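Breakdown of the fold
One-letter residues, chain by chain:
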Amino acid sequence: MTAPKYKRILVKLSGESLMGDDAYGINRQTIDRIVGEIGHVVALGVEVGVVVGGGNIFRGVALGAAGMDRATADYMGMLATIMNALALQDALRRAGLNARVQSALNIEQVVEPYIRGKAIRYLEEGKVVVFAGGTGNPFFTTDTAAALRGSEIGAEVVLKATKVDGIYTADPKTHPDAQRYQKLSFDEAIIKNLRVMDATAFALCRDQKLPITVFSIYRTGAMKRIVLGDDEGTQVYY
């Protein structure tokens, strides 16, 4: 078997990726399939951290949050990520994978707090570490949390899971002739105004020389192919 290209990775999952075809919430078949993809990577000996969003839950209450104080709404979103992280941990354990959840928000009755040294030790022990609660601060997205945690744990790449299999010259849904970029430099992505991640996350990855690979979570085996160095998705490099 080909040796993995990366030893330690950080996977960014949006909350929406857990919905499947449902309007909101967590689709059991979808989360089990995502866990299967993670399991294939773990089986290669790769250490995996995961940052999960909360859009699948928070979008459902977003109308009620209209006009709400931004910081309050952001904290609600952080709580949604903890719910998703617990569901992901349960699915990982059902699949026979050892998993731990660490939260930037302190809710010790439910999850352990984020402690960098402990997270790294878990990774070295072969456990999947799910990072919840975003950065623990309002006004920052879970994309920024992924860039931050990836930098802190010494990940070699951030794998950003999306609905599209990479970054294209135009929207492939409306432009069938759009071409997928195989590789892009951070500077090229900035000049072309390609919204890979939010600006804060993007700048942090660039400054920390942490590459990003954008791929489709719906393509079976995509995560494993990226780890093995195959042509999958789009890599944004420094």
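Below is a summary of the structure that appears in this document. By convention here, each chain's residues receive numbers from 1 onward along its written sequence. With the structure being a predicted model, the display of local features is reserved for residues of pLDDT at least 70 and the display and counting of side-chain atom pairs for 80 or more, all residues being used for whole-chain, interface and lining totals. Hydrogens and waters are ignored; side-chain quantities use all the structure's heavy atoms.

1. As for the environment of Asp165
Numbered from the N terminus, helices here are DSSP runs of H or I no shorter than four residues, and strands are runs of E no shorter than two. Inspection of the secondary structure puts Asp165 in the loop between strand S6 (158–162) and strand S7 (183–185). Taking C-alpha positions, Asp165 is 11 Å from Thr220, a pair spaced 55 residues apart along the chain. Other than its neighbours up to four places away in sequence, Asp165 contacts Arg180, Val214, Phe215, Ser216, Arg219 and Gly233. Within the local environment of Asp165, its side chain forms a polar contact with the side chain of Tyr168, the two groups lying 2.7 Å apart. Contact criterion: two residues are considered in contact whenever any of their non-hydrogen atoms come within 4.5 Å of each other. Polar contact is the term for a pair of N or O atoms within 3.5 Å; when the atoms are in protein, one must be able to donate a hydrogen and the other to accept it, and sequence-neighboring residues count only if both atoms are side-chain atoms.

2. What to know about the layout of surface pockets
The method is simple in principle: a probe with the dimensions of a water molecule rolls over the atoms, and the space it marks as empty is what remains. One number sums up the size of the second largest pocket: a volume of about 270 Å³. Every definition here rests on a 1 Å grid over the protein atoms only: cavities are sets of points where a 1.4 Å probe fits but cannot get out, pockets are open sets enclosed by protein on both sides within 12 Å along at least five of seven lines, and lining residues have some atom within 4 Å of a point. Lining the second largest pocket are 15 residues, with Val164, Gly166, Ile167, Tyr168 and Arg195 sitting closest to its centre. The residue classification treats Ala, Val, Leu, Ile, Met, Phe, Trp, Tyr, Cys and Pro as nonpolar and Asp, Glu, Lys and Arg as charged. All others, Gly included, are polar. For the lining of the second largest pocket, a count of residues per class yields eight nonpolar, three polar and four charged. Grid points are joined across faces, edges and corners, and a volume is the space filled by probe spheres set on the points.

3. Structural notes on the sheet that holds S7
By the convention used here, strands pair only if DSSP detects at least 2 bridges between them. The strand order S4-S3-S5-S2-S1-S6-S8-S9-S7 describes an open sheet built from nine strands, whose pairing is mixed. A strand with exactly one partner marks an edge of an open sheet, and here the two such strands are strand S4 (112–113) and S7. Examined bridge by bridge, strand S3 (residues 99–103) and strand S5 (residues 128–132) share five bridges and lie parallel to one another. Its bridge partner lying in S5, Val101 is registered against Val130. Along the sheet face, helix H3 (residues 70–94) touches strand S1 (8–13), strand S2 (47–52), S3 and S5 and points at about 170° away from the line of S3. Whenever a helix is involved, its axis is fitted only over the stretch in contact; in every case the axis is a line through C-alpha atoms, and angles between N-to-C directions fall within 0 to 180 degrees.

4. Considering the pairing of S3
Under the scheme applied here, a residue whose accessible area is under 20% of the maximum for its type counts as buried, over 50% as exposed, and between as partly exposed, the area being computed with a 1.4 Å probe on protein chains only. Burial runs high along S3: four of the five residues are buried. Bridging between S3 and S4 involves two bridges; their strand directions are parallel. What sits directly across from Ser103, in S4, is Pro113.

5. Side note on the pairing of S1
In terms of burial, S1 is a largely internal element, six of the six residues being buried. Bridge count between S1 and S2: six bridges; the pairing is parallel. In the strand pairing of S2, Leu13 is matched with Val52. Handedness of the S1-helix H1 (residues 28–42)-S2 crossover: right-handed. With three bridges joining them, S1 and S6 adopt parallel strand pairing. Note on S6: the bridge partner recorded for Leu10 is Val158. Crossover handedness is defined by viewing with both strands directed away from the observer: a clockwise path from the first strand over the helix to the second marks the crossover as right-handed.

6. Quick look at the packing of aromatic side chains
What counts as a ring pair is set by centres within 6.5 Å for rings of Phe, Tyr and Trp (its six-membered ring), and what kind of pair is set by the plane angle: stacked under 30 degrees, edge-to-face over 60, tilted for all other angles. Within this structure, the stated rule accounts for two aromatic pairs. For the ring pair Tyr114 and Phe131, a centre distance of 5.8 Å and an interplane angle of 75° mean the geometry is edge-to-face. Placement of Tyr114 in the loop between S4 and helix H4 (116–124) and of Phe131 in strand S5 is noted, with a sequence separation of 17 residues between them. Residues Tyr114 and Phe131 agree in their burial class; the two are buried. In this scheme, the term charge over a ring applies when either NZ of a lysine or CZ of an arginine sits within 6 Å of the ring centre and within 35 degrees of the ring normal. Over the face of the ring belonging to Tyr122 we find Arg121, whose NZ or CZ atom lies 5.9 Å from the ring centre. Across from the ring centre of Tyr114, 3.7 Å away, lies the NZ or CZ of Arg149, which sits over that ring.

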